[in-house]
Amino acid sequence: MERSCILVADDDADIRKAVRLYLEKEGFQVACAADGFEALDLLEQKPVQLILMDVMMPRMDGFSAIMRIRQKRNLPILVMSAKTEDSDKVLGLSIGADDYITKPFSAAELAARVKSHLRRYLELGGAGAGGPCTRIGRLEYDFEGHALTADGDPVRLTPTETRIMELFMRNPGRIFSAEEIYARAWDEPAAYAPENTVMVHIRRIREKIELNPKEPEYLKVVWGLGYKLEKK
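Calculation criteria
Residues numbered from 1 in each chain as written. Predicted model: local features only at pLDDT ≥ 70, side-chain atom pairs only at ≥ 80, totals over all residues. Heavy atoms only, no water. Helix = DSSP H or I, 4+ residues; strand = E, 2+ residues; numbered from the N terminus. Buried < 20%, exposed > 50% of the residue type's maximum accessible area, 1.4 Å probe, protein only. Pairing = 2+ DSSP bridges. Axes fitted to C-alpha atoms, helices over the stretch in contact; angles between N-to-C directions. Core = buried A, V, L, I, M, F, W, Y, C linked by side-chain atoms within 4.5 Å. Contact = heavy atoms within 4.5 Å. Lys, Arg positive; Asp, Glu negative; His and termini not counted. Salt bridge = Lys/Arg side-chain N within 4 Å of Asp/Glu carboxyl O. Parallel < 35°, antiparallel > 145°, perpendicular 65-115°, else oblique. Phe/Tyr/Trp six-rings, centres within 6.5 Å; stacked < 30°, edge-to-face > 60°.

Topic: the environment of D12
The topology assignment puts D12 in the loop between β1 (5-9) and α1 (13-25). Note on D12: relative accessible area 31%, which makes it partly exposed. Residues D12 and M56 lie 44 residues apart in sequence; the distance between their C-alpha atoms is 9.9 Å.

Right, dumping it as structure tokens:
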């Protein structure tokens with residue numbers, strides 16, 4: 001994990017400097033961008049493995065940059081924002097962010113989030129091609145390669161979506177509460193009211209695996225209890 005490259009995109013020079021110095025102290029390489037366009041350019045030039053993305057930036061804001069990045073890349077993206085409304089968090093997660101850190105944040109919190117997401121991403125990305133697989137209806141999951149297919153076609157999942165699907169594919173038919181899904185997928189105790197965060201990720205997965213996401217046949221809600229992967 002040490003010397004992994006972190007891309008920090010924020011229009012505030014003081015924040016960029018503070019985050020860069022702290023992450024370099026933790027052993028990471030750091031590249032900095034002042035807006036979304038610079039972030040996209042650096043992403044093509046450097047072997048970035050995780051992105052810290054501010055929301056409000058000139059020229060191209062963070063949300064627009066995330067949507068562009070998600071067209072090609074599945075690396076972890078953590079949104080940094082002073083906006084605390086649930087609607088902003090839901091929007092960030094909906095367009096592909098893996099986590100949301102509210103400013104101001106402590107250096108310890110930032111480091112913990114970065115290391116947690118980076119560790120899981122490297123574990124997923126470092127797997128070989130092929131291994132024990134489980135098939136459930138149209139879906140097949142390769143646990144060694146951490147790869148999902150639907151009707152034989154690869155399904156592009158973010159690291160967080162991959163962990164959620166792996167949890168369900170290992171436990172078909174079992175009901176998981178939002179709190180347990182959060183604790184398992186994010187590898188940390190459930191945050192306050194994690195329902196919205198989990199709901200957004202479930203919705204994104206449905207859009208990728210279900211023939212009709214509005215009437216899912218696989219990822220189903222069990223009202224008052226949580227979610228389950230329907231056995232086929």
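Observations regarding the sheet that holds strand β7 (residues 139-142)
Spatially, β6-β7-β8-β9 is the arrangement adopted by the four strands of the open sheet, whose pairing is antiparallel. Sheet topology places β6 (133-136) and β9 (153-155) at the edges, where each strand pairs with a single neighbour. Averaged over all pairs of adjacent strands, the angle between strand axes in this sheet comes to 25°, irrespective of strand direction.

What to know about the environment of N212
Checked against the element boundaries, N212 lands in the loop between α8 (195-209) and β10 (219-222). Using a relative accessible area of 34% as the deciding quantity, one classes N212 as partly exposed. The spatial distance from the C-alpha of N212 to the C-alpha of A18 is 46 Å, given a sequence separation of 194 residues.

Topic: the nonpolar core
In terms of nonpolar packing, the biggest core is built from 27 residues, with L139, M165, F168 and I209 touching the most fellow members. Of all the secondary structure elements, the ones that give two or more residues to this core are β7, β8 (147-150), α6 (159-170), α7 (178-186), α8 and β11 (226-229). Not counting chain neighbours up to four residues away, the residues in contact with I209 comprise R138, L139, L148, V155, M165, Y218 and L219. Counting 25 residues, the second-largest nonpolar core is a separate cluster that includes L42, V48, M57 and A65.

A closer look at the side chain of R16
Secondary-structure assignment places R16 in helix α1. Buried and without a salt bridge, R16 has D10 as its closest oppositely charged side chain, separated by 5.7 Å.

Points about the pairing of strand β5 (residues 99-102)
Where strand β4 (residues 77-81) and β5 come together, four bridges link them in parallel fashion. By the bridge assignment, L78 is partnered in β5 with D99.

Notes on the pattern of salt bridges
Tallied over the entire structure, the rule returns 19 salt bridges. K220 serves as the salt-bridge partner of E230, at 3.9 Å between the closest nitrogen and oxygen. Here K220 lies in strand β10 and E230 lies in the segment after β11, a separation of 10 residues in the sequence. Looking at K220, the relative accessible area reads 29%, which means it is partly exposed. In this structure, a network of salt bridges that share partners links the residues D10, D54 and K103.

A look at the pairing of β8
Moving residue by residue along a regular strand, the side chains alternate between the two faces of the sheet. Judged by which residues are buried, β8 turns out to be one-sided: L148 and A150 face inward and are buried, whereas A147 and T149, on the alternate face, are not. In terms of strand pairing, β7 meets β8 through four bridges, oriented antiparallel. Bridged to E140 within β8 is T149. Taken together, β7 and the strand that follows it, β8, pair antiparallel across an intervening segment of four residues, in which H146 is found at a positive phi of about 50°.

Regarding the packing of α7 against α8
Relative orientation and spacing of two packed helices are given, respectively, by the angle between their axes and the distance between those axes. One way to put it is that α7 packs onto α8 with a least axis distance of 9 Å and a crossing angle of 75°. As the angle between them shows, α7 and α8 are arranged roughly perpendicular. Touching A178, E179, I181, Y182 and W186 of α7 are E195, T197, V198 and H201, all from α8.

Describing the packing of aromatic side chains
Counted under the stated rule, the structure contains three aromatic pairs. Between the aromatic rings of F168 and F176, the centroid separation amounts to 5.8 Å while the plane-to-plane angle is 80°, which identifies the pairing as edge-to-face. With respect to burial, F168 and F176 carry one shared label: buried. A ring pair is formed by Y182 and W186, whose centres lie 4.5 Å apart and whose planes are at 10°; its orientation type is stacked. Here the residue Y182 and the residue W186 both occupy positions in helix α7, the gap between them amounting to four residues, near one helical turn.

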